[in-house]
Amino acid sequence: MDPTVQAFLAALVGAVVAGGTVLAWHISDRQQSRVPPVTEPVLPSGVATVLSVLRSSAVVVDEGENVLKASAPAYALGLVRGNELVAEELAELVRAVRRDGQIREIEMVMTRDTGVPSRHVTARVAPLGSRLVLALVEDRTRERRVEAVRRDFVANVSHELKTPVGAIALLAEAVADAADDPEAVKRFAGRMGKESVRLSTLVQQIIELSRLQGDEPLDQPVRVSVDEVVASSIDASAIDAQARRITVVAGGEEGLEVLGNAEQIGVAVGNLVANAVAYSREGSSVLVSARGEEDAVDVSITDQGIGIPAGEIDRIFERFYRVDPARHRSTGGTGLGLSIVKHVAATHGGDVRVWSVEGQGSTFTLTLPRAL
């Protein structure tokens, strides 16, 4: 082949190769510089993170009424099942917010499976962007229960205070009308004294119960001698016991100590001893004994009194609850003593339990943490 032709072909091949290389580089450069298409996230950035740390129940619903995101409390509360809202009332509120974009709030009662208590909740629903709706639900069951307890407590206190206050007012009028009869004045004055003592006891117990109402642990528990608490409680009931020929005996282990508040423990044990004396038959005996366990101390008060009906045992620690209202009035009871004992036990991390047979007597056992 002619050298000139060979040179021409070589130059042509080089040009083709160079052109292909340049074309390949341009294609590669365009591919690398091309911006990949961005897929719009289902949830706005950061929403999922915020929902995961909320204590309230949070649910995000899309335009198809599907749950896109729900916090763990929402599932625990029973708001969401799968990807659907279970509460129809809440679902209807979500639809209303999607229609007009207005934030709405509602209070509702969630009824769950049979045997599961209903829950009182408040829901706040707001639009989240143009397509999504956010529902925040707070469980208010505990707050409602506390409010109900507070209302009942105030109502019961008002009712209980009316009795001695009314009695004192009537007796004062009787004294004024019987000013010329010394015997009548003396009799009425004695009854006024008894009602005054009852009123003072009731007020004091209400104050004690209000202090213990939160069942909060003690800040600085101290070592408390069980022997001293028992001796003081027996001494406080000595006059009533002597008047009815009741023997109060201390027994059990000696030298035991518990951790707690000496005043509160003294009130609790004193209430149990006073109840045992009040409800025991004349001429009977009451035993106050202590027994030490590995990490606890049991203080038991046993009487030979009227006992408690089996159907009433579960309710005797309720505030102002009386097994026999007439019997309580005759003994000057307020219906608060055992409730105070229960709260003292809870405050100290202990417990109180009762064994009783109607007509045979009762044994109340207060368990408190032992000071080792």
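Every value quoted in this text rests on a predicted model; they were computed, and no experiment measured them.

Asks: Help me understand the side chain of Asp62 in this model?
Replies: Inspection of the secondary structure puts Asp62 in the loop between β1 (57-61) and β2 (67-70). Although Asp62 is buried, it makes no salt bridge; Arg98 carries the closest opposite charge, 5.4 Å away. Reaching out from Asp62, the side chain makes a polar contact with the backbone nitrogen of Gly64 at a distance of 3.0 Å. A distance of 2.8 Å separates a polar side-chain atom of Asp62 from the backbone nitrogen of Asn66.

Asks: Quick question: what am I supposed to make of the nonpolar core here?
Replies: Note on soluble globular proteins: their nonpolar side chains tend to be buried together. Counting 36 residues, the largest nonpolar core has Val226, Val288, Ile301 and Leu366 as its most contacted members. Broken down by secondary-structure element, the contributors of at least two residues to this core are α7 (226-236), α9 (262-278), β11 (285-292), β12 (296-302), α11 (337-347) and β14 (361-369). Per-element accounting of this core gives the leading share, seven residues, to α9. Residue contacts for Ile301: discarding those within four places in its chain leaves Leu272, Val273, Ala276, Val286, Leu287, Val288, Ser362, Thr363 and Phe364. Residues Val61, Val80, Leu93 and Val94 belong to the second largest nonpolar core, which totals 23 residues.

Asks: So what exactly am I meant to see when it comes to the sheet that holds strand β13 (residues 351-357) here?
Replies: Through backbone hydrogen bonds, the strands of a sheet pair up, either in parallel or in antiparallel fashion. One open sheet accounts for five strands, arranged β9-β11-β12-β14-β13; its pairing is mixed. Strands at the two margins of the open sheet, each flanked by one partner only, are β9 (247-252) and β13. Each strand axis lies, on average, 15° off the axis of its neighbour in the sheet, ignoring direction. The pairing of β9 with β11 spans six bridges and is parallel.

Asks: Can you help me understand α9 in this one?
Replies: Side chains that are three or four residues apart share a direction in an α-helix, a result of its 3.6 residues per turn. Helix length check: α9, at 17 residues, gives a terminal C-alpha distance of 24 Å against a target of 24 Å (1.5 Å per residue), a fit within 8%. Residues of α9 that are buried: Gln264, Ile265, Ala268, Val269, Gly270, Asn271, Leu272, Val273, Ala276 and Val277. Between the side-chain oxygen at the start of α9 and the backbone nitrogen of Glu263 there is a gap of 3.0 Å, and the oxygen is on Asn261.

The rules behind each value
- Residues numbered from 1 in each chain as written.
- Predicted model: local features only at pLDDT ≥ 70, side-chain atom pairs only at ≥ 80, totals over all residues.
- Heavy atoms only, no water.
- Helix = DSSP H or I, 4+ residues; strand = E, 2+ residues; numbered from the N terminus.
- Buried < 20%, exposed > 50% of the residue type's maximum accessible area, 1.4 Å probe, protein only.
- Lys, Arg positive; Asp, Glu negative; His and termini not counted.
- Salt bridge = Lys/Arg side-chain N within 4 Å of Asp/Glu carboxyl O.
- Polar contact = N/O pair within 3.5 Å; in protein donor to acceptor, adjacent residues only side chain to side chain.
- Core = buried A, V, L, I, M, F, W, Y, C linked by side-chain atoms within 4.5 Å.
- Contact = heavy atoms within 4.5 Å.
- Pairing = 2+ DSSP bridges.
- Axes fitted to C-alpha atoms, helices over the stretch in contact; angles between N-to-C directions.
- Expected span 1.5 Å × (residues − 1).

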